[in-house]
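Chains, contacts and geometry: an overview
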Amino acid sequence: KNEVEQSPQNLTAQEGEFITINCSYSVGISALHWLQQHPGGGIVSLFMLSSGKKKHGRLIATINIQEKHSSLHITASHPRDSAVYICAVDTDKLIFGTGTRLQVFP
Amino acid sequence: DARVTQTPRHKVTEMGQEVTMRCQPILGHNTVFWYRQTMMQGLELLAYFRNRAPLDDSGMPKDRFSAEMPDATLATLKIQPSEPRDSAVYFCASGSPRGRGYEQYFGPGTRLTVT
């Protein structure tokens with residue numbers, strides 16, 4: 001069993017839909033990261049969080065340390081949100097999930 | 001604005017050749033990470049440095065890979081000799097401490113193809 005599990009693996013949505021990507025982990029962590037990788041390959045760090053909730057524009061990330069679970073939400077999704085979203089947990093080194101491929105259609 | 005830079009962006013080489021990838025971290029960041037991404041394995045950590053000292057290189061095949069940080073503005077990842085299974089995208093990231101973790105900024109990656 002992987003130490004970091006993401007679901008779903010693939011997700012398609014219509015523009016405007018609310019999207020949720022989930023991440024569960026089985027190890028003790030100091031922080032959790034959400035990363036975005038666009039088709040061109042570049043990786044952008046969206047959030048780093050250790051507790052609670054963070055919001056940046058239309059993106060919201062939450063984490064429940066007791067349940068070892070985090071969610072990334074996208075409100076009012078747009079085609080430019082199409083990317084792979086990767087969850088990574090910080091255990092003194094990063095362990096990555098396999099990513100969720102999101103496609104948002106107009 | 002400050003960015004992590006990596007060179008070269010693309011490298012095609014023959015099996016057995018030496019490959020050197022370079023990374024310039026963001027000025028002031030004290031931690032540098034090397035990652036590898038393949039279709040099969042996804043993203044995985046190879047090694048990281050803090051204040052130029054290697055902290056963890058357990059993800060790196062020691063017999064052929066070496067990572068160094070000769071000064072605060074340059075990190076290198078070397079493969080000698082290269083093999084076709086080393087074909088991947090290699091990312092460098094630099095980080096600054098924030099709270100209990102490190103906020104990381106990724107470079108554009110070096111796409112390596114070994115034939």
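You'll find the structure just up there.
Residues numbered from 1 in each chain as written. Chains lettered and ligands numbered in written order. Predicted model: local features only at pLDDT ≥ 70, side-chain atom pairs only at ≥ 80, totals over all residues. Heavy atoms only, no water.

Before going further, it helps to spend a moment on the pattern of salt bridges. Residue and element names in this part refer to chain B. Counted under the stated rule, the structure contains 6 salt bridges over all chains. Across the pair E83 and R64 runs a salt bridge whose closest N-O atoms are separated by 3.5 Å. Of this pair, E83 sits in the loop between strand 8 (74-79) and strand 9 (88-98) while R64 sits in the loop between strand 6 (53-56) and strand 7 (65-71); the two residues are 19 residues apart in sequence, bridging distant segments of the chain. Residue R64 is classed as buried on the basis of its relative accessible area, which comes to 7%. In this structure, the salt-bridge partner of E83 is R85, at a minimum N-O distance of 2.5 Å. Residue E83 is classed as partly exposed on the basis of its relative accessible area, which comes to 22%. Residue R85 is classed as exposed on the basis of its relative accessible area of 62%. A network of salt bridges, in which partner residues are shared, links R64, E83, R85 and D86. (Salt bridge = Lys/Arg side-chain N within 4 Å of Asp/Glu carboxyl O. Helix = DSSP H or I, 4+ residues; strand = E, 2+ residues; numbered from the N terminus. Buried < 20%, exposed > 50% of the residue type's maximum accessible area, 1.4 Å probe, protein only.)

Residues and elements named next belong to chain B. Alignment of strand 4 (residues 31-38) against strand 5 (residues 42-50), held across 8 bridges, turns out to be antiparallel. Bridge pairing links R36 to E44 in strand 5. Turn length for the strand 4-strand 5 hairpin, with the two strands adjacent in sequence and antiparallel, is 3 residues. The turn joining strand 5 and strand 6, which pair antiparallel and follow one another in sequence, is formed by 2 residues; a positive phi near 50 degrees is taken by N51. (Pairing = 2+ DSSP bridges.)

Taken residue by residue, the interface counts 16 residues in chain B and 18 residues in chain A. Both faces considered, chain B and chain A share a buried interface measuring about 1500 Å² in area, 54% of it formed by carbon and sulfur atoms. The three residues of chain B that bury the most area against chain A are B:L43, B:R100 and B:F106, which together make up 35% of that side's buried surface. There are 1 residue pair in polar contact (both at pLDDT 80 or more) connecting chain B and chain A. When residues of the side of chain B that touches chain A are assigned to their parent elements, the largest contribution, 5 residues, is made by strand 10 (residues 101-106) of chain B. Its residues assigned to classes, the side of chain B that touches chain A comprises 7 nonpolar, 4 polar and 5 charged. (Contact = heavy atoms within 4.5 Å. Buried area = accessible area lost by both parts, 1.4 Å probe. Polar contact = N/O pair within 3.5 Å; in protein donor to acceptor, adjacent residues only side chain to side chain. Nonpolar A, V, L, I, M, F, W, Y, C, P; charged D, E, K, R; others polar.)

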